[in-house]
Amino acid sequence: MISKGKLAQIHIAKAQLGLGDEEYRAILARTAGVSSAKDLTNRTVGAVMHEFRRLGFEPKPAKKAGRKAPRPPRSRQNVMSKIEAMLTHAGRPWTYADGIAKRMFNVERVDWLDDDQLHRLMTGLIIDAKRQGRYPNDLA
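Everything numeric here is computed off the predicted structure, so don't read it as measured data. (Residues numbered from 1 in each chain as written. Predicted model: local features only at pLDDT ≥ 70, side-chain atom pairs only at ≥ 80, totals over all residues. Heavy atoms only, no water.)

A. A look at the nonpolar core. Of all hydrophobic cores here, the largest spans 19 residues; its most connected members are Ile83, Val110, Leu113, Leu118, Leu121, Met122 and Leu125. When contributions to this core are tallied by element, the ones reaching two or more residues are α4 (76-90), α5 (94-105) and α6 (115-131). The element that contributes the greatest number of residues to this core is α6, accounting for six residues. Judged by nonpolar contacts, the second largest core, of 16 residues, contains Ile10, Leu19, Tyr24 and Val45. (Core = buried A, V, L, I, M, F, W, Y, C linked by side-chain atoms within 4.5 Å. Buried < 20%, exposed > 50% of the residue type's maximum accessible area, 1.4 Å probe, protein only. Helix = DSSP H or I, 4+ residues; strand = E, 2+ residues; numbered from the N terminus.)

So, in structure tokens, the structure goes:
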């Protein structure tokens, strides 16, 4: 049995090609030896999709495909202020953040982190705050 995604792709191809039920089932029988797409296996689905592509089907990439949108730039001062607020709220000193920076990035101090590392450190502190039940209600 094939995945729901592959089954959906087959039905999208059928609709895009404008195939009638008889034509569609004839293609399934000719390429995979089945009368229903539900009976396809992982081995036979490739032959069916190849036939659909030969007939003109052009699969579109998933909406999630591609690169992530870049993070909106934050000023370094805003990120440092947020880190300071999270440390204060948790009752932890700056040396705690320095220790995290050392473990995460092998950098001795938070002040020496680049912007990406600083953002990742802040994300780590947010995750910690959520685990401890201090976020988002208290820091939002």
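B. Highlighting helix α1 (residues 4-17). Between its terminal C-alpha atoms α1 stretches 20 Å, which fits the 20 Å expected from 14 residues at 1.5 Å a residue. Turning to α1, the residues buried within the fold contact α2 (21-32) and α3 (42-54). Gly18, located one to two residues past α1, shows a positive phi value of around 70 degrees. (Expected span 1.5 Å × (residues − 1). Contact = heavy atoms within 4.5 Å.)

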